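The lines below spell out each chain.
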Amino acid sequence: MSTNGYNDSTVFDYLIIGSGAAGLLAANRLAEHGRVAIINKGTFSESNTWYAQGGIAGVTAMDDSVEEHIADTLQAGAGLCHEDAVREIISRGGHIIRELAELGTPFDTEGEHLHLTREAAHSHRRIAHAKDATGRAVGEALLRPVVDNPNITCFQHYMAVDVITARHLGRYMQGPDRCLGTYLLTPKSEVVTIAARHTILATGGAGKVYLYTSNPHVATGDGIAMAWRAGCPVMNLEFIQFHPTCLFSPSGSTELITEALRGEGAYLTDAHGYRFMPEYDERAELAPRDIVARAIDHEMKKQGGDHMYLDARPLGKAKLEEHFPNILKRLKHNGIDICKEPIPIVPAAHYMCGGVQTDVAGRTPIDGLHVIGEAACTGLHGANRLASNSLLECLVMAELCAESIKDEAKVPLPSLPEWDASGVEPESERVQIKQNWEEIRTTMSNYVGIVRSDERLRRARRRLAMIREEITSYYWQHPIGRDLIELRNLSLIAEMIVKSAQSRKESRGLHYSTDYPSLLTEAHDTILTPEAL
Ligand SMILES: Cc1cc2nc3c(=O)[nH]c(=O)nc-3n(C[C@H](O)[C@H](O)[C@H](O)COP(=O)(O)OP(=O)(O)OC[C@H]3O[C@@H](n4cnc5c(N)ncnc54)[C@H](O)[C@@H]3O)c2cc1C
């Protein structure tokens, strides 16, 4: 036992919440400087990282340059990127890819060189990839040294509930607040207190705030909500990237249907087989992702349907079998023979450009609290993410965060109070949780999706405020469980997205409003502080 009442399993130098690309790399880097705990609320294979398909962007080819990658990133970001963050992150792309290769990531190669693909809006082939399952390959390469390291303790199925700061304990005097640790929900549904000198939130995005999302179940914005409750500002949450073609399923769960199918000649139709894209853009199905997603959304709203179709039959059976064997197999598993019938699709929330406002090293206004990866907003993506820049951002942030804290003096930690569960009553009606989950996700999809308007946002805000009030009172009266914690976080994130969207009086990048269709001359970030709601 240590002098402050902790034992070895409840005090760490570095507490990393989240085991996607950002969390795993941070753990690897910090293990030689102190005791590390890495937590995830599911398993190591449940993260956005694990699902990433395309690859990771970085300059490794002789005919490419960092300046061109920077220019492409700024162009995609529609005037809202922070150029200093863009420079810092993009200039490390080649180095990060080499490091991943050294760690054993099985990137595809062509002779002695990496095989690079080119994705939308990149001026060069610069995406390093491992077949069409890059995220999993990167995750596995980063995980191996973590599980073997005696200085790292892994906690699976442990969920962070809230961070503990000096201000919450009434010990905050003046100057910046300090993060001291976190409450964790254990697999046995108990809440334990973990003290840490540094807490790193690497909890990923919040795709689950929408009914249709390409994100796995863990993406409920927990880290963003925790940081906000601790007092951190959030930035640019209105910019949600929707993937135009995800498999439609009435239950809401969905998976990506690669854009390469459209690239090879598949086209989009309504339920009557009418091909609508040429009405929206002369490039038809090959228009940029946000234009295609908006067109599908418009047709769905106009026709009152909940999905459209992607018809891959024009490619022919032979080509589909040769070039798209995985998708053929996956969809067959779902009962769809894409050689014979169109695929039901729906645009789905895919990536969150906004997050907790940080610098590139994940610093927040609270000492000892850092946010990295998709949960953070550094200004790299601006109003729209350039494809495959996100894994890069996660890894660069993890590296810089570790670099910035590894040599800090190891100050003693005060003892922290136990979680107070007095006064809670056994759950009576779990139906409330289910009802509110569904309502939040449907409201967000119907009113705060790809195309927004003042009226839709007002309606959403009214409903969400009511739901959040209900959830807050339920939360403090009943024992907490994973779904209740997630629901509380999602309701907060939903309201913050709406509030951010309401304050943007223009259409820029991924945010499109029918009331303000044009672009303002000056670009401003949307920053919400915890007093804003
Ligand atoms: C289908 C798909 C395809 C993609 N393709 C690409 C691509 O090709 N290239 C690219 O650059 N990007 C891609 N992206 C985006 C990219 O994968 C993510 O932005 C990135 O992986 C995020 O990494 P992260 O480490 O920040 O978070 P994640 O990888 O999402 O990890 C989050 C971790 O936090 C944990 N967690 C969350 N809340 C809690 C809590 N309360 N307590 C404990 N643990 C918690 C989770 O369990 C998980 O371990 C894709 C995303 C998806 C969904």
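Residues numbered from 1 in each chain as written. Predicted model: local features only at pLDDT ≥ 70, side-chain atom pairs only at ≥ 80, totals over all residues. Heavy atoms only, no water.

1. Digging into the environment of threonine 529
This is how the line gets drawn: Helix numbers and strand numbers start at the N terminus; a helix is a DSSP run of H or I with at least 4 residues, a strand a run of E with at least 2. Think of it in three bands: residues with accessible area under 20% of the maximum for their type are buried, residues over 50% are exposed, and the middle band is partly exposed, with areas taken using a 1.4 Å probe on protein chains only. Should any heavy atoms of two residues lie within 4.5 Å, those residues are considered in contact.
In this structure, threonine 529 sits in the segment after β22 (527-528). Threonine 529 sits in the partly exposed class, given a relative accessible area of 33%. Taking the C-alpha atoms as reference points, threonine 529 and leucine 510, 19 residues apart in sequence, are found 22 Å from one another. Apart from residues no more than four positions distant in its own chain, threonine 529 is found in contact with Trp228 and Pro233.

2. Describing the sheet that holds strand β6 (residues 116-117)
Strands pair in a sheet through their backbones, by hydrogen bonds, and they do so in one of two ways: parallel or antiparallel. This is how it is decided: For two strands to be treated as a pair, DSSP must find no fewer than two bridges joining them.
The three strands are arranged β3-β7-β6 in an open sheet whose pairing can be described as antiparallel. Edge positions in the open sheet fall to β3 (56-57) and β6, since each of these has one partner strand only. Bridging between β3 and strand β7 (residues 127-128) involves two bridges; their strand directions are antiparallel. Within β7, the position partnered with isoleucine 56 by the bridge is alanine 128.

3. Points about unusual backbone geometry
Although it is not a glycine, serine 189 sits at a positive phi angle of roughly 65°. As for its position among the elements, serine 189 is in the loop between β10 (179-185) and β11 (191-201). Its identity is not glycine, yet serine 388 carries a phi of approximately 65°, on the positive side. Along the polypeptide, serine 388 turns up in the loop between β19 (376-377) and α12 (389-405). On the basis of relative accessibility, which here comes to 8%, the residue serine 388 falls in the buried class.

4. Quick look at helix α1 (residues 21-30)
Within α1, nine of the ten residues are buried, leaving the element largely enclosed by the surrounding structure. Those residues of α1 lying buried are Ala21, Ala22, Gly23, Leu24, Leu25, Ala26, Ala27, Asn28 and Leu30.

5. What about the state of the cysteines?
We count it as follows: The disulfide definition used here is simple: a pair of cysteine sulfur atoms within 2.5 Å.
For the coordinates displayed, the defined rule picks out zero disulfides. Cysteine 232 takes part in no disulfide bond, and the closest cysteine sulfur to it belongs to cysteine 179, at a distance of 8.8 Å. As a non-bridged cysteine, cysteine 394 has cysteine 401 as the owner of its nearest cysteine sulfur, 12 Å distant.

6. Digging into the side chain of glutamate 285
For clarity, the cut-off: A 3.5 Å cut-off defines polar contacts: any pair of N or O atoms within that distance qualifies, except that in protein one atom must be a possible hydrogen donor and the other a possible acceptor, and neighbouring residues in sequence count only when both atoms are side-chain atoms.
With respect to the secondary-structure elements, glutamate 285 resides in the loop between β14 (267-269) and α9 (289-303). Only 2.9 Å separates the side chain of glutamate 285 from the backbone nitrogen of leucine 268, close enough to count as a polar contact. Within polar-contact distance, the side chain of glutamate 285 engages the side chain of arginine 275 at 2.7 Å. Those residues in contact with glutamate 285, other than ones at most four positions away along the chain, are Arg262, Ala266, Tyr267, Leu268, Arg275, Met277 and Val292.

7. Concerning the site of the ligand
Just so we agree on the cut-off: Each residue is tested against the molecule or strand, and it is near if at least one of its non-hydrogen atoms lies within 4 Å. Areas reported here follow the Shrake-Rupley algorithm with a probe of radius 1.4 Å; residue values treat only the protein chains shown as occluding. All residues other than Ala, Val, Leu, Ile, Met, Phe, Trp, Tyr, Cys, Pro, Asp, Glu, Lys and Arg, Gly among them, are scored as polar; the first ten of these are nonpolar and the last four charged.
The full set close to the ligand counts 38 residues, and Thr49, Gly55, Asp222, Glu374 and Ser390 are the nearest of them. At a separation of 3.3 Å, an oxygen atom of the ligand approaches a polar backbone atom of alanine 21. The contact in question runs from an oxygen atom of the ligand to an N or O atom on the backbone of glycine 54, over 2.9 Å. Look at the ligand: alone it shows 1000 Å² of surface, and the protein chains cover 98% of it. When contributions to the shell around the ligand are tallied by element, the ones reaching two or more residues are α1, β2 (36-40), α2 (48-51), β9 (159-165), β16 (343-352) and α12. Here the residues of the shell around the ligand are counted per class, giving 15 nonpolar, 18 polar and five charged.

8. A word on the confidence of the model for the protein chain
Stated formally: pLDDT expresses how confident the predictor is about each individual residue, on a scale running from 0 to 100.
For the protein chain, mean pLDDT is 93; residues scoring 70 or higher make up 98% of the total. This stretch, residues 1-5, has a pLDDT under 50; its non-local contacts, to residues over four places away or in other chains, come to four contacts.

9. Notes on the packing of aromatic side chains
How two aromatic rings sit relative to each other is given by the distance of their centres and the angle of their planes. Rule in force here: Here the aromatic set is Phe, Tyr and Trp, taking the six-membered ring for Trp, and pairing holds for ring centres within 6.5 Å; pairs whose planes are under 30 degrees apart are stacked, those over 60 apart are edge-to-face, and all others are tilted. Definition used: whenever NZ (Lys) or CZ (Arg) falls within 6 Å of the ring centre and also within 35 degrees of the ring normal, the charge is taken to sit over that ring.
Counted according to the given criterion, the structure contains eight aromatic pairs. Ring centres of tyrosine 212 and phenylalanine 248 lie 5.7 Å apart, and the angle between their planes is 50°; on these two criteria the pair is classed as tilted. Taken together, the positions of tyrosine 212 in the loop between β11 and α7 (222-230) and phenylalanine 248 in the loop between β13 (240-247) and α8 (260-263) put the pair 36 residues apart, joining distant regions of the chain. As far as the burial class goes, tyrosine 212 and phenylalanine 248 line up, both buried. Summarising the aromatic geometry, the rings of tyrosine 475 and tryptophan 476 are spaced 4.9 Å apart at their centres and angled 85° between planes, so their arrangement reads as edge-to-face. On the basis of relative accessibility, which here comes to 1%, the residue tyrosine 475 falls in the buried class. Feature note: the residues Tyr183, Trp419, Tyr475 and Trp476 constitute an aromatic cluster, connected by ring pairs. Of note, arginine 294 hangs over the ring of tyrosine 512, and the distance from its end group to the ring centre comes to 4.6 Å. Geometry around tyrosine 351 places arginine 385 over its ring, the cationic atom sitting 4.5 Å from the centre.

10. Here we look at the side chain of histidine 307
Along the chain, histidine 307 turns up in the loop between α9 and β15 (308-311). On the accessibility criterion, histidine 307 (19% relative accessible area) is buried. In terms of polar contacts, histidine 307 uses its side chain to reach the side chain of tyrosine 309, at 3.1 Å. With sequence-adjacent residues up to four places away left out, histidine 307 is seen in contact with Phe248, Met300, Pro344 and Ile345.

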